[in-house]
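What follows is each chain in one-letter form.
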Amino acid sequence: TSLTPFSASEDMRSTWQGKAGRSPLQALYDNDQFEQSSLQAVHQQRREMLSNVCSRYTRKRRLLQPDDLRHLVVDDTHGLLYCYVPKVACTNWKRVMMVLTGQGKYQDPLEIPAHEAHVPSNLRTLSEYSVPQINYRLRSYLKFVFVREPFERLVSAYRNKFTLSYNTAFHKRYGTKIIRRHRQEPSDRALEHGDDVRFEEFVYYLLDPRTQQEEPFNEHWERVHSLCHPCIIHYDVVGKYETLAEDANYILQLVGADTSVKFPASSKTTRTTDDMTAQFFQDISPFYQRRLFNLYKMDYLLFNYSIPSYLHIR
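The rules behind the values
- Residues numbered from 1 in each chain as written.
- Predicted model: local features only at pLDDT ≥ 70, side-chain atom pairs only at ≥ 80, totals over all residues.
- Heavy atoms only, no water.
- Helix = DSSP H or I, 4+ residues; strand = E, 2+ residues; numbered from the N terminus.
- Buried < 20%, exposed > 50% of the residue type's maximum accessible area, 1.4 Å probe, protein only.
- Contact = heavy atoms within 4.5 Å.
- Areas by Shrake-Rupley, 256 points an atom, 1.4 Å probe, with all protein chains shown as cover.
- Core = buried A, V, L, I, M, F, W, Y, C linked by side-chain atoms within 4.5 Å.
- 1 Å grid on protein atoms, 1.4 Å probe; cavity = no way out; pocket = protein on both sides within 12 Å on 5 of 7 lines; lining within 4 Å.
- Points joined across faces, edges and corners; volume = space filled by probe spheres on them.
- Axes fitted to C-alpha atoms, helices over the stretch in contact; angles between N-to-C directions.
- Parallel < 35°, antiparallel > 145°, perpendicular 65-115°, else oblique.
- Nonpolar A, V, L, I, M, F, W, Y, C, P; charged D, E, K, R; others polar.
- Pairing = 2+ DSSP bridges.
- pLDDT = per-residue confidence, 0-100.
- Salt bridge = Lys/Arg side-chain N within 4 Å of Asp/Glu carboxyl O.
- Left-handed = near helix turned anticlockwise from the far one by under 90°.

**Re the overall build of the chain**
A tally of regular secondary structure across the chain gives 15 helices and five strands. Put simply, the chain has 314 residues, and 52% of those count as buried. Contacts in the chain between residues far apart in sequence, at least 24 positions, make up 71% of those at least 6 positions apart. About 15,700 Å² of surface is accessible on the chain, with carbon and sulfur atoms providing 49% of the total.

**Description of the environment of Leu 80**
Of note, Leu 80 is situated in strand β2 (residues 80-83). By relative accessible area, Leu 80 is classed as buried at 0%. Sequence-distant contacts of Leu 80, that is, excluding residues within four places in its chain, are made with Val 73, Val 74, Asp 75, Met 97, Leu 100, Tyr 141, Leu 142, Phe 144, Ile 251 and Val 255.

**A closer look at the nonpolar core**
Judged by nonpolar contacts, the single largest core of 90 residues is most densely connected at Trp 93, Phe 151, Phe 202, Leu 206, Trp 221, Leu 292 and Tyr 296. Top contributing element to this core by residue count: helix α3 (residues 90-101), with seven residues. Among residues more than four places away in sequence, those in contact with Phe 151 are Thr 277, Phe 281, Leu 292, Phe 293, Tyr 296, Tyr 300, Pro 308, Tyr 310 and Leu 311.

**Focus: the layout of surface pockets**
Any space left empty among the atoms is revealed by the rolling of a water-sized probe across them. Its boundaries defined by the atoms lining it, the second largest pocket holds a volume of some 430 Å³. The wall of the second largest pocket is formed by 19 residues, among which Cys 54, Thr 58, Pro 230, Cys 231 and Ile 232 lie closest to the centre. Elements that contribute at least two residues to the lining of the second largest pocket include exactly α2 (38-57) and α15 (297-302). Take the lining of the second largest pocket: its biggest share by element is four residues, from α2.

**Remarks on unusual backbone geometry**
Despite not being glycine, Lys 87 has its phi angle at roughly 75 degrees, a positive value. On the secondary structure map, Lys 87 appears in the loop between β2 and α3. For Lys 87, a relative accessible area of 21% corresponds to the partly exposed category. One non-glycine residue, His 229, lies in positive phi territory at about 50 degrees. Mapped onto the elements, His 229 comes out in the loop between α11 (224-228) and β5 (237-240). Classification of His 229 as buried rests on a relative accessible area of 10%.

**Some details on the packing of helix α6 (residues 150-162) against helix α13 (residues 274-281)**
Helix packing geometry: the angle between the two helix axes and the distance between the axes. Orientation of α6 relative to α13, taken along the N-to-C sense of each, is 75 degrees, at an axis distance of 9 Å. Classified by the interaxial angle, the pair formed by α6 and α13 is roughly perpendicular. Of α13, the residues touching α6 (which contributes Phe 151, Glu 152, Val 155, Tyr 158 and Arg 159) are Asp 274, Met 276, Thr 277, Phe 280 and Phe 281. Counted by class, the contact of α6 with α13 contains six nonpolar, one polar and three charged residues.

**A short note on the side chain of Thr 277**
Residue position: Thr 277 is located in helix α13. Residue Thr 277 is classed as buried on the basis of its relative accessible area, which comes to 0%. If sequence neighbours within four positions are ignored, Thr 277 has contacts with Phe 151, Glu 152, Val 155, Thr 272 and Tyr 310.

**As for the pairing of β5**
Residues Val 237 and Gly 239 line one face of β5 and the alternating positions Val 238 and Lys 240 line the opposite face, and both faces are buried. Here strand β4 (residues 142-147) runs beside β5; their pairing, made up of four bridges, is parallel. Each bridged residue has a counterpart across the sheet, and for Phe 146 the counterpart in β5 is Gly 239.

**Some points on the confidence of the model for the chain**
Residues at a pLDDT of 70 or more form 87% of the chain, whose mean pLDDT is 89. Taken as a whole, residues 7-21 scores under 50 in pLDDT and shows 39 contacts with residues more than four places along the chain or in a different chain.

**Remarks on the pattern of salt bridges**
For the structure on display, the rule yields 18 salt bridges. A salt bridge links Glu 128 to Arg 124; the shortest N-O distance between them is 3.7 Å. As a salt-bridge pair, Glu 215 and Lys 177 come within 3.9 Å of each other at their nearest N and O atoms. Pair noted here: Glu 215 is in the loop between α10 (209-214) and α11 and Lys 177 is in helix α7 (residues 168-182), with a separation of 38 residues, a long-range link. Across this residue pair, the class does not change: Glu 215 and Lys 177 are buried. Connected through shared salt-bridge partners, Arg 173, Lys 177, Arg 181, Glu 214 and Glu 215 make up one network.

**Topic: the packing of α3 against helix α12 (residues 244-254)**
Close contact between α3 and α12 brings their axes to 13 Å; oriented N to C, the two are set at 20 degrees. One way to sum up the angle between α3 and α12 is to call them roughly parallel. Note on packing geometry: the crossing formed by α3 with α12 is right-handed. Residue-level inspection shows Trp 93, Val 96 and Leu 100 of α3 in contact with α12, the latter providing Leu 244, Ala 248, Ile 251 and Leu 252. For the contact of α3 with α12, a count of residues per class yields seven nonpolar, no polar and no charged.

Here it is, written out as structure tokens:
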């Protein structure tokens, strides 16, 4: 049987009950150390921006289905909902959520192997709860999401899934199909292994109408607004990859997490940067650049990212 659709409460932002029975934002206002907090103003601005774009671009408010909630990780101990977005520090956030929900089983997020952070049974998602339980958590928990410049995230996904030799599952599942459809005269080897997809071919695959007709985008390149539904679920905090450390710290303080819980410092060695992203787009024609931008446009608008300067679409 299908679950009843439900809608999130209109006024969720003010209803999250922290330890003192106040909303986290109210607790912040009451807290001296945050009185002049510029971070607080930044997050207020991000919420307002999101709300304005949502009201401008979404005509009809649809009801949430339980299936929409598979990316929302629940921490019942601290009253926290985290919508994870692949390629936006999601491994480290899942590790932190395992520490927060683990009843002392884990102390240090970095001690948790990356693959273990992605084992579904290690964290509960909101889709696993009953409809009344879901509505209660949407109304009363602190909700947060982390986002990233959309094309930088896309190139990061491409590099991770198609250029690393160990990602054979992605090569077989997606690479072979991309090469079969979007390469002229592919070799038998390429058709069998799918391990040498060019970025240009990946772009053609994303823009091919058949791709989304056949199945939803893989979560690594799906748009954030399709994974986390920010126009239906009112997020209290929109963290950004570009300000990861301070935003992560802010959230942990908001929910009163133990001060020993620290968000792991990122290793910047192989990280996809803006310059690197620009190089990948050099060989993409302005026609396809514009079409790809249109595909990810809502994420640009919702999270206030400007059109990258390396694009030739003006």
